[in-house]
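In case you want the letters, here they are:
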Amino acid sequence: MGLTKQYLRYVTSAVFGVIGSQKSNIAFVTLRRGEKGRYVAVGACEHVFIWDVRKAEKVLILEGKKHEVTYLCPSPDGVHIAVGYEDGGVRIFSLLNGESNISFNGHKSAVSIMKYDALGARLVTGSRDTDVIVWDIINECGLYRLKGHKDAITQVLFLENKNLLITSSKDTFVKWWDLGTQHCFKTMVGHRSEVWGMVLLNQENRLLTGSADSELRAWDIEYIEEVKAAGEPHEKKVKSLLEDDEEEEEGPDEDSEEIVSCMKAGSVLRESRDRVVSLVTDAKAKVLACHGLEATFEVFTVFSEEEIQKKMDKKLKKAKKKARSQEAGEDVPEPVVERKLTDEIEKLANIRASSKIRSMDCLLSPNGEMNIALLLQNNTVETFTIKTTEKNPTGTKTSRLTLSGHRTDVRTLAFSSDNIAILSASGETVKVWNRSTLQVIRTMGCEYALCSLFVPGDRQIILGTKSGKIQIFDLASGSLLETTDAHEGALWSMCLSPDQRGIVTGGADKTVKFWDFELIKDQDTARNKRLTVKHMRTLQLDEDVLCVRYSPDQRLLAVSLLDCTVKIFYTDTLKFFLSLYGHKLPVLCLDISHDSTLIATGSADRNVKIWGLDFGDCHRSMFAHDDSVMFLQFVPKTHLFFTAGKDRKIKQWDADKFEHIQTLEGHHREVWCLAISPSGDYVVTSSHDKSLRLWERTREPIILEEEREMQREAEFEESLAKGDEPVVPGETKGEAEHAGKKSVETVKAAERIMESIELYREESKRLEEHRLACEAAGKELPPPKINPILMAFGNISPSRYVLEVIKKVRSSELEVSLLVLPFHYVPDLLQLFKIYVQQGLEVELVCRCLFFLLRVHFGQITSNQMLLTVIDELRTNTISKVREIKDVLGFNSAGLQFLQREIESKEDVMFFADATDRFEEKKRKRKKRERAVLTIT
C-alpha cells in the first residue's frame, strides 16, 4: 500500500486594497470623546474598517465571518455599531474593543437598512426580503416581524414620542406602523416610483421623502388625538383631515382607528434629475444633505420655528410697507403673508466630489460647521466641511483616503523573488505592497495594466498595457524609466525567460515578441545606466495571442490563441511542435510545471485540462469552476496548481492525481488573477470587489474525505437556511409575525435541550427506583452511580443540568429553539420551571421561556388536565417572585441615585449623560464672558 500524499491547508491571512465596499454605507463613529468627525466606519467586504480620516490610517477592524457587509448603524451612545450582512444576519460590535457579543438572525436576504431608537434599546432592521424586524437589544431577542411591503425596504424611522414606525420601500409605498399593536394603520400612496429615502424634520412634525425624480416631497404630520384634545372648534379640522387623507391615501381598515394624518405640504426641488441615493440629516435635523447617482451632493438648511417666525414677521413688515405706499391715505386691509415650504428649507450649497457618490453621512458641530463623509464608487473616502452659518458656503475638502487601494480593478499581480513585495496594477496605478505589514511602499501612475513582473534583482518592474506598450518602472525612485511600443493591440501576456535575460510578450496583434534586457546610459544622468528592453525576434500567428509561457527548461514556448487551441513551439528555432485542442472556448490562462513535463490550461468553457508536454496527450479534463477560469499557476517545485474563476472561488488541484484539494472562498465578486510566492507559502488574489486577499500556507494537513464531508455539511446548512421558518400552531399569518428564523444553530440548540430533558427523565427514574428500593429494604442503600455528564458540570442535580443547557442557548435563538421542540417535552419543562421559580433560579429567563411556550402551545396545555395544577402553582409563584425582583431592582436603583446625589454634592462632579452637556454649556458661557471682558477692555 503506497503512502498517501500530504497536502497542507491554505487559510486567509488578510484583506487589503479595499477602502470601502460598494454594497455598504459610510457612518461617522466616535472612538474617543470630543473627537467627533474624525473617525468613519465603512464596510470592507465581510469586515468593517474604522478609518482615522486625519491620519488616513485604519485604526480598528471589526471582523466578519463570510458574508458581505451591507449596512452600518452606530448606536445613539456611540459605544456600539450594528452591522447588517448579505445573508440577513445582524451583529452588534463594541467600538471600545472591537468584539461582538450580540447577533440576530431573522432575515432571508441582505439587510438594507437599520435604525436604533433614541435610547438604543431597540433596533429595527429592513431587508431585501420585504420584512421589517424589531429587535430588543437589552434582552437580545427579536420582538416581532412586520410584513406588508412587496419589495426591498429602503428606510425605517422611529417616531419616538408616539411609539410609531415609518417604513418606505421600493414598492412605492410608505407605511405607518403602531408598535404597540404591531399593525399597519396607514399606507401612503403618493409616490409614482420607488421611495429611496426619508427623514423627519421639525421635531417629527414633517416628513421628507425622496424617490426616483428630482422632487423631495414634504408631508405634514398631524396627530389626530392632539387635534381632538385641542377642543370643540377642532372637530371640523379632524374631519377635514380624515377626508383629505382618504383622497390622498388608501383608507385604513374598518376596524383600525386613524392615528396620524399625513398631508402633502409641497416639494423641494433638487438640481440633479436622477434618483435619490442618500437622504441624511444631522442628529438634530438642522441640516439636510442629499445626493443622487452622480458626483454632486446638495446641502439644505432647515430653519427652526423661531427662525421661520422671524422671516414671516420681516415679510409681513415689507408687505405692510408696500401696501401703505400704494394706498396712501386710505384704510389699508391687513396684508396676508403665506408660509411656503421654501421658507422652512433653503438650499445652502452644491458640492462636487471627485467621483460618483455611493453613500454619505453628516455631523453638525455646535459652532455650525458641518462634517460630511462620502464613500465614492471608485474605492475612495472623502470628507468635506461646510460652514452652515455663512450665506453661500463652499465645501472644503478636508481629507481623501486613496493610498490604501486602487480606483479600478487590479488585473495583474506579481511577487518579488524574496517573497516580501507584492505588485498590483490596475487601470491607473501600479502599487508595491510590503507583504508582512500590508502597507503601500510605492504608488506610480501607469497606463491600463494587463500583465506584470519583477525584473530579476527586484529593482525594476515591467508592465504590459491595454494599448500594447511595455512600461518599465524603477522602484527606488518610483519613476517611469521608459515606455516602449510593443504591440499594436492589447498586450495580454508576458513571461520572464528562465535564463532571466529577457521576456516574451503576446498581444492582440497576433504576434509573440522576444525581448532582451539591456543596460544603456541614461541621457539625463550621463553616469548612471538604466534598464531597457531590446526587441530580438517576432513569431507571427493567425490568431490573437491570449497567453504565453516558457517551459522552465526554456526548450518550449506555449502560446494560447483565440481559436481555442494552445500551440507549442521550439524556443530556439520557433518551429511548431504540438497543438493542444479540446477546449470549446478560448484558453485564458496556462502554466507549465517546474519539471517541464505537464501543462495545465484553463478556459472560458469552465474546464481545466492537464496535458503531457512530451506527446501533447490530454491526461484529464476537469470541470473546475461555475464560470470562466481566469488564472492558473503551479505552486513552485510541485505538481499542485491554483485556479481563479469568475465564480468568486480559488481552487487548488493535484495535477498527478487529478483531485480537487481545497476551495478558498472569500471574494465577493469575480476573481481576476492570482500570484504565488516563489516559496509557495503565500497566494495573493485580486477581485472585482476591489479587494486583494493574502492566503497563507499552514502546517495543518488536509484530509480530502473530511474536506468533502465539510463541503456537504455546508451545502446542507445553506439549504436549511433557505427553507421556510417553523409554523406556530393555531396562528394565521398576518402583518406581525415571530422575528426569529430557523437555522442550524437553533436546531442544534433544540437538540441539546431535548437531550438534557431525556437525561433528566432517566436520572429522575433511577433516583425514584433507588428511593423505592431503600423503602423496601428498610435501610439506606448505597446511592446509584452519578452520570458522568452531571459530574462534568460539578456534580449538579439533573434538574439544574437542564437549566444550565437552556442558559447556554443564545438569547436571540432561544425562542426559535423552543418552537422547534416537540410538544411531549413541554410538560417536563413546565414541571422544571415550577421548581426553578420556587427556588428563585434564573427567574427572568424562566419567565421568558414559560410565556413563550404558553403562547405557542396554549390549546394543548389548557386541554391537559394533568398540567392545570402545575400552571396554577406557576401562576402564583411567578407573580410573587417577579414582585420580589422588581422590589430589589427598585431599591438598588434608588440607592444608586442617592449615592450619585451625595457624591455630586460633596465633590462637585457630574455623572453620566448630563455631565458632557453641562460641561459644554459651562465652556460656552466661559468663552462668552471672556469675549465680553475683552470688548470692555
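Read on for a plain summary of the structure. Since we're looking at a predicted model, the values are computed, not measured.

## Let's talk about the overall build of the chain
In step 1: Along the chain, the regular secondary structure elements total 14 helices and 57 strands.
In step 2: For the chain, the computed accessible surface area is about 46400 Å², with 51% contributed by carbon and sulfur atoms.

## Remarks on helix α8 (residues 798-808)
In step 1: Burial analysis of α8 places 8 of its 11 residues in the buried class, the great majority of the element.
In step 2: Within the span of α8, buried status applies to Pro 798, Ser 799, Tyr 801, Val 802, Leu 803, Glu 804, Val 805 and Ile 806.
In step 3: Each element contacted by the buried residues of α8 is listed here: α6 (744-777), α7 (788-792), α9 (814-820), α10 (826-839) and α11 (843-856).

## So, a nonpolar patch on the surface
In step 1: A surface patch of nonpolar side chains, amounting to about 380 Å² of accessible area, comprises Leu 896, Phe 898, Leu 899 and Ile 903.
In step 2: Counting through the fold element by element, Leu 896 comes out in helix α13 (residues 865-907).
In step 3: What makes Leu 896 exposed here is its relative accessible area of 57%.

## As for the sheet that holds strand β19 (residues 206-211)
In step 1: The strand order β18-β19-β20-β21 describes an open sheet built from 4 strands, whose pairing is antiparallel. Only two strands of the sheet have a single partner each, and these edge strands are β18 (195-201) and β21 (260-269). Taking the axes of each pair of neighbouring strands and ignoring which way they run, one obtains an average angle of 25 degrees across the sheet.
In step 2: In this sheet, β19 lies alongside β18 in antiparallel orientation, the contact comprising 6 bridges. Note on β19: the bridge partner recorded for Gly 197 is Gly 210.

## Here's the deal with the sheet that holds strand β14 (residues 153-159)
In step 1: Strand order across the open sheet formed by 4 strands is β14-β15-β16-β17, with antiparallel pairing between neighbours. Two strands lie at the open edges of the sheet, namely β14 and β17 (183-188), each paired on one side alone. For this sheet, the mean angle separating the axes of adjacent strands, direction not counted, is 20 degrees.
In step 2: Sheet topology places strand β15 (residues 164-169) next to strand β16 (residues 174-178); 5 bridges connect them, and they run antiparallel. Among the inter-strand pairings, Ile 166 is bridged to a residue of β16, identified as Trp 176.

## Structural notes on the packing of α6 against α10
In step 1: Packing of α6 against α10 brings their axes to within 11 Å, and their N-to-C directions diverge by 75 degrees. The angle between the axes of α6 and α10 places the two elements in the roughly perpendicular class. Judged by residue contacts, Ile 757, Tyr 760 and Arg 761 of α6 engage Asp 828, Leu 829, Leu 832 and Ile 835 from α10.
In step 2: For the contact of α6 with α10, the per-class residue count stands at 5 nonpolar, no polar and 2 charged.

## Observations concerning the packing of α11 against α13
In step 1: Put simply, α11 and α13 touch, their axes get as near as 11 Å, and they point 140 degrees apart. Compared by their axis directions, α11 and α13 come out oblique. Along this stretch, α11 crosses α13, giving a crossing that reads as left-handed. Seen from α11, the contacting residues are Val 843, Cys 847, Leu 850, Phe 851 and Leu 854; seen from α13, they are Ile 871, Leu 874, Thr 878, Lys 881, Val 882 and Ile 885.
In step 2: Classifying every residue of the contact of α11 with α13 by side-chain character gives 9 nonpolar, 1 polar and 1 charged.

## A look at the environment of Ser 426
In step 1: Note on placement: Ser 426 falls in the loop between β31 (421-425) and β32 (429-434).
In step 2: We classify Ser 426 as buried; its relative accessible area is 0%.
In step 3: Sequence-distant contacts of Ser 426, that is, excluding residues within four places in its chain, are made with His 406, Thr 408, Asp 409, Val 410, Cys 446, Glu 447, Tyr 448 and Ala 449.
In step 4: A distance of 3.0 Å separates polar atoms of two side chains, one belonging to Ser 426 and the other to His 406.

## A word on the pattern of salt bridges
In step 1: In this structure the tally under the stated criterion is 40 salt bridges.
In step 2: For Glu 68, the salt bridge is made with Arg 669, and the minimal N-O distance between the two is 3.3 Å. Here Arg 669 lies in the loop between β53 (659-665) and β54 (671-676) and Glu 68 lies in the loop between β5 (57-62) and β6 (69-74), a separation of 601 residues in the sequence.
In step 3: The class for Glu 68 is buried, based on a relative accessible area of 4%.
In step 4: A salt bridge links Asp 409 to Lys 690; the nearest nitrogen and oxygen atoms lie 3.5 Å apart. Separated by 281 residues along the polypeptide, Asp 409 in the loop between β29 (396-401) and β30 (412-415) and Lys 690 in the loop between β55 (682-687) and β56 (692-702) bring together distant segments of the chain.
In step 5: In this structure, a network of salt bridges that share partners links the residues Arg 800, Glu 804, Lys 807 and Glu 842.

## Focus on the nonpolar core
In step 1: Ranked by internal contacts, the top residues of the largest apolar core, which has 38 residues, are Ile 806, Leu 818, Leu 829, Leu 830 and Phe 833.
In step 2: Those elements that provide at least two residues to this core are α6, α8, α9, α10, α11 and α13.
In step 3: Excluding residues within four positions of it along the chain, Leu 829 makes contact with Ile 757, Val 802, Ile 806, Leu 818, Leu 821 and Leu 853.
In step 4: Among the nonpolar cores identified, the runner-up in size contains 28 residues, and Val 90, Val 111, Ile 133 and Leu 165 belong to it.

Rules used in this analysis
Residues numbered from 1 in each chain as written. Predicted model: local features only at pLDDT ≥ 70, side-chain atom pairs only at ≥ 80, totals over all residues. Heavy atoms only, no water. Helix = DSSP H or I, 4+ residues; strand = E, 2+ residues; numbered from the N terminus. Areas by Shrake-Rupley, 256 points an atom, 1.4 Å probe, with all protein chains shown as cover. Buried < 20%, exposed > 50% of the residue type's maximum accessible area, 1.4 Å probe, protein only. Contact = heavy atoms within 4.5 Å. Patch = residues over 30% accessible without salt bridge, like charges linked within 9 Å, V, L, I, M, F, W, Y side chains within 5 Å. Salt bridge = Lys/Arg side-chain N within 4 Å of Asp/Glu carboxyl O. Pairing = 2+ DSSP bridges. Axes fitted to C-alpha atoms, helices over the stretch in contact; angles between N-to-C directions. Parallel < 35°, antiparallel > 145°, perpendicular 65-115°, else oblique. Nonpolar A, V, L, I, M, F, W, Y, C, P; charged D, E, K, R; others polar. Left-handed = near helix turned anticlockwise from the far one by under 90°. Polar contact = N/O pair within 3.5 Å; in protein donor to acceptor, adjacent residues only side chain to side chain. Core = buried A, V, L, I, M, F, W, Y, C linked by side-chain atoms within 4.5 Å.

Interpretation note: all reported values are geometric properties and have no functional meaning in isolation.
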